[in-house]
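Spelled out from the first residue to the last, the chains are:
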Amino acid sequence: MKDNRAQISLEYILIFAISLLVLMIFTLPLADDSIKNTVDVSDSLNARYCMSNIAQAIKEVYGEGQGSKRTLDIDSDKQIRVSVSDSYISCSVKLKSNSNKQIKESFKSNLKKTSITLNEGKNAIIVEWPVGSENMLIYKK
């Protein structure tokens, strides 16, 4: 009678171990995909936040006219190349799937076409419209 109980207990432990193994085999790859997607969303939102702050500074300087200046302190998680034109600012974010996502913010200004590279960490960006100048300037300090 004792041997019969021990055999039943061993069978329950074996079934539990196999069930746990099967569960791990199927859920770990799904969890990995979920984590990659979450990181992609986070990177995209961080880049959009940076673009939005720069666009807002450009709108303010353009609205205030010649002689105005704004300095932005932007903290970037990774290096981003920002393209600037007279009507929008954009950047490309590399996703974990090796594809790129284009992020664009529109505004009205008289900036000349240029680009700025935001390095990982703190960046000081200056947007100004010098007195007597036809065009605004944007540059990294």
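Chemist: Honestly, the overall build of the protein in this entry has me stumped. Any pointers?
Modeler: A count of helices and strands for the protein gives 1 helix and 7 strands. Element order for the protein, N to C, with α for helix and β for strand: α-β-β-β-β-β-β-β. Taking 141 residues into account, the globule formula puts the C-alpha radius of gyration at 14 Å, and the protein, at 27 Å, lies well above it. Expressed along its principal axes, the backbone C-alpha trace of the protein runs to roughly 100 × 25 × 20 Å. For the protein, the residues scored as buried account for 30% of the 141 residues in total. Expressed as a percentage of contacts within the protein between residues at least 6 apart in sequence, the contacts between residues at least 24 apart total 62%. Here the protein displays about 9,700 Å² of accessible surface, and carbon together with sulfur accounts for 55% of that area.

Chemist: Just to check I follow, could you spell out unusual backbone geometry for this structure?
Modeler: In most cases, non-glycine residues show a negative phi, while peptide bonds are predominantly trans. For Asn98, which is not glycine, the phi torsion reads 65° and is therefore positive. Take Asn98: it is sitting in the loop between β3 (88–94) and β4 (100–106). Given a relative accessible area of 61%, Asn98 falls into the exposed group.

Chemist: Mind showing me how you'd approach the sheet that holds strand β2 (residues 80–84) here?
Modeler: Paired through their backbone hydrogen bonds, the strands of a sheet run either parallel or antiparallel. Ordered by their spatial adjacency, 4 strands build an open sheet running β4-β3-β2-β5, and the pairing between neighbours is antiparallel. Of all the strands in the sheet, the pair left with one neighbour each is β4 and β5 (114–118). Strand after strand, the sheet turns through a mean of 20° between neighbouring axes, direction not considered. Bridge count between β3 and β4: 7 bridges; the pairing is antiparallel. Along β4, the bridge assignment pairs Ser92 with Gln102.

Chemist: Looking at this model, I keep getting lost on empty space enclosed by the protein. Mind explaining?
Modeler: In this approach, a probe sized like a water molecule rolls over the atoms, and the result shows the empty space that is left. In total, this model carries 1 cavity of 30 Å³ or more according to the counting rule given. There is about 80 Å³ of room inside the largest cavity. For the largest cavity, the full set of lining residues is Asp43, Asn46, Ala47, Cys50, Ser76, Asp77, Lys78, Ile80 and Val93. A total of 4 residues in the lining of the largest cavity trace back to one element, the largest contributor, which is helix α1 (residues 2–64). A breakdown of the residues in the lining of the largest cavity according to their chemical character gives 4 nonpolar, 2 polar and 3 charged.

Thresholds applied
- Residues numbered from 1 in each chain as written.
- Predicted model: local features only at pLDDT ≥ 70, side-chain atom pairs only at ≥ 80, totals over all residues.
- Heavy atoms only, no water.
- Helix = DSSP H or I, 4+ residues; strand = E, 2+ residues; numbered from the N terminus.
- Rg over C-alpha atoms; globule rule 2.2 N^0.38 Å.
- Buried < 20%, exposed > 50% of the residue type's maximum accessible area, 1.4 Å probe, protein only.
- Contact = heavy atoms within 4.5 Å.
- Areas by Shrake-Rupley, 256 points an atom, 1.4 Å probe, with all protein chains shown as cover.
- Pairing = 2+ DSSP bridges.
- Axes fitted to C-alpha atoms, helices over the stretch in contact; angles between N-to-C directions.
- 1 Å grid on protein atoms, 1.4 Å probe; cavity = no way out; pocket = protein on both sides within 12 Å on 5 of 7 lines; lining within 4 Å.
- Points joined across faces, edges and corners; volume = space filled by probe spheres on them.
- Nonpolar A, V, L, I, M, F, W, Y, C, P; charged D, E, K, R; others polar.

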